[in-house]
Each structure stands twice: as C-alpha cells, then as structure tokens.
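Single-letter residue listing:
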Amino acid sequence: MIDDFAKAYLHGDLRELREVLVWKLDGLPEADVRRPLVASGTNLLGLVKHLTLTEARYFGEVFGRPFPEPVPRWDDLAARGLDMRADETESREEIVARYRRACAHSDGTIEALAVDSPGHVPWWPRPDVMLFNVLVHVVSETARHAGHADILREQLDGATGEGR
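Computed from a predicted model, the values in this text were never measured in an experiment.

**Student:** I tried to follow the overall build of the chain on my own but got confused; where do I start?
**Tutor:** Secondary structure summary: the chain contains five helices and two strands in total. Each principal axis of the C-alpha atoms in the chain carries an extent, and together these give about 45 × 35 × 25 Å. Burial status across the chain gives 45% buried among its 164 residues. Across the chain, every contact between residues at least 6 apart in sequence was considered, and the portion connecting residues at least 24 apart equals 77%. Computing the positive centroid from 20 side-chain charges and the negative centroid from 28, the chain places the two 2 Å apart.

Put into structure tokens, the structure is as follows:
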C-alpha cells in the first residue's frame, strides 16, 4: 500500500536533491557555470534549466495543473536538448529563480494531491500514472542530474559533496 508516509519521504528527498543541485553553482564564476565540459555541451546552468522543465511538466501538465510560465511542449522536437545548456543571454539569477518557481509549483501539486491521484504522461508507454509514480520518476531524474552536476563541478574546481 502506498501511503502518505511514502509521499512525504519522496517529497523530502526531492527537496534535498533540489538544494544539492543549486549548491553546485555556488561560488563559481559566470564562465564556469556556463562552461560545457562534456561533448553534449551540457553545463551546470543547463542542468538547472532541464530540471525546471522536468518539474513544470511532471507536476504541472501531467496533473492538469499547468505551470503558469511558458515551457516547450513535450513533443517539440526542435526544442529537445536545448535545455541542457545555458547561454550568455540567460542570467544565472533568472535560471535559478525560474527553477525555484517551478519547484514551488510542484510542491503545491504534491501537497494538494493524494499519493494515488491519477495523472497522464502522454510520452510514457503506459501513460496513466499516479502521483507516486511521478514522484519516484522526478526524484530519480533529479538525483541523476545532481550526479552529473557533481561531476561537472569537480572538473571545474574539485568541489564534491552535497552541500556547504
């Protein structure tokens, strides 16, 4: 049985992972948070941009609670991959603030819905889901990208870990 304890536990993990991700930017100069250190061009700010879309889509569109700011449609092939890097036209403050707004919107969805509330993920093979499924997915996705951020940060200045 999936219960409120599971929901609270996953939500707590998600909140911690979000802070780890944002911490990876702390103390770095602008050039470093934008520096692509892998062949795909991914940079630290790009990971934050990507997870903004993840939060907005999964806890917005999937549950009929759209994020109030524009995001590319999930099936917009021209936009794919562009969220994994930030360029000089986007400020660090703007990207982090938008991520925090998306997270706050997600928190509102998580708090408002029961753990077994239905959602619909049209891009999944089995699109009919519950909040529980989405929580597990977004925790996994955020942990994965926080790990990427850890590797990128370590390449820049040797800093590792989960926080200050």
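**Student:** What should I look at first to understand helix α4 (residues 92-112) in this one?
**Tutor:** Note: α-helices contain 3.6 residues per turn, so residues at a spacing of three or four share the same orientation. The terminal C-alpha atoms of α4 lie 30 Å apart, and with 21 residues this matches the ideal 30 Å at 1.5 Å per residue to within 8%. On the buried face of α4, the contacting elements are α1 (4-23), α2 (30-34), α3 (44-58) and α5 (131-157).

**Student:** Which parts of the structure should I look at to understand the nonpolar core?
**Tutor:** Burial of nonpolar side chains together is a common tendency in soluble globular proteins. L21, L25, L44, L45, L47, V48 and Y99 are the most contacted members of the largest nonpolar core, which totals 18 residues. The element best represented in this core is α3, accounting for five residues. Sequence-distant contacts of L45, that is, excluding residues within four places in its chain, are made with L25, V33, R34, A86, R92 and I95. One finds L10, L17, V129 and L135 within the second-largest nonpolar core, a separate group that totals 16 residues.

**Student:** Mind showing me how you'd approach the packing of α3 against α4 here?
**Tutor:** Helix-helix packing is described using two parameters, namely the angle between the two axes and the distance between the axes. α4 packs onto α3 with a crossing angle of 25° between their chain directions and a minimal axis gap of 9 Å. It follows that α3 is roughly parallel to α4 by the angle criterion. For the pair α3 and α4, the crossing hand works out as left-handed. Where α3 abuts α4, its residues L45, V48, K49, L51, T52 and E55 lie against R92, I95, V96, R98, Y99, A102, C103 and S106. In terms of residue class, the contact of α3 with α4 is built from eight nonpolar, two polar and four charged.

**Student:** Explain the layout of surface pockets here, please?
**Tutor:** Which parts of space are left empty comes out when a probe the size of a water molecule is rolled across the atoms. Roughly 390 Å³ of internal volume is contained in the largest pocket. Along the walls of the largest pocket sit 17 residues, with H50, R57, W74, R80 and D83 positioned nearest its centre. Breaking the lining of the largest pocket down by element, the ones donating at least two residues are α3 and α5. Its residues placed into classes, the lining of the largest pocket shows seven nonpolar, four polar and six charged. Here the second largest pocket is characterised by a volume of approximately 250 Å³. In terms of lining, the second largest pocket is formed by twelve residues, of which the most central are K49, L53, E90, I95 and R98. By residue number, the principal contributor to the lining of the second largest pocket is α4, which donates four residues. Of the residues in the lining of the second largest pocket, the class split is five nonpolar, one polar and six charged.

**Student:** For this particular structure, what's the right way to read the environment of E69?
**Tutor:** You can see E69 is positioned in the loop between α3 and α4. A relative accessible area of 22% places E69 in the partly exposed class. For the pair E69 and G12, spaced 57 residues apart in sequence, the C-alpha separation works out to 25 Å. Leave out the neighbours within four places in its chain, and E69 touches R98 and R101.

**Student:** Help me understand the side chain of K7 in this model?
**Tutor:** Assignment of secondary structure puts K7 in helix α1. Of the buried charged residues, K7 lacks a salt bridge, with D4 as the closest side chain of opposite charge at 5.2 Å. Non-local contacts of K7, meaning those with residues more than four positions away in its chain, are made with I110, E111, L113, A114, V115, L131 and L135.

The rules behind these values
- Residues numbered from 1 in each chain as written.
- Predicted model: local features only at pLDDT ≥ 70, side-chain atom pairs only at ≥ 80, totals over all residues.
- Heavy atoms only, no water.
- Helix = DSSP H or I, 4+ residues; strand = E, 2+ residues; numbered from the N terminus.
- Buried < 20%, exposed > 50% of the residue type's maximum accessible area, 1.4 Å probe, protein only.
- Contact = heavy atoms within 4.5 Å.
- Lys, Arg positive; Asp, Glu negative; His and termini not counted.
- Charge placed at Lys NZ, Arg CZ, Asp CG, Glu CD.
- Expected span 1.5 Å × (residues − 1).
- Core = buried A, V, L, I, M, F, W, Y, C linked by side-chain atoms within 4.5 Å.
- Axes fitted to C-alpha atoms, helices over the stretch in contact; angles between N-to-C directions.
- Parallel < 35°, antiparallel > 145°, perpendicular 65-115°, else oblique.
- Left-handed = near helix turned anticlockwise from the far one by under 90°.
- Nonpolar A, V, L, I, M, F, W, Y, C, P; charged D, E, K, R; others polar.
- 1 Å grid on protein atoms, 1.4 Å probe; cavity = no way out; pocket = protein on both sides within 12 Å on 5 of 7 lines; lining within 4 Å.
- Points joined across faces, edges and corners; volume = space filled by probe spheres on them.
- Salt bridge = Lys/Arg side-chain N within 4 Å of Asp/Glu carboxyl O.

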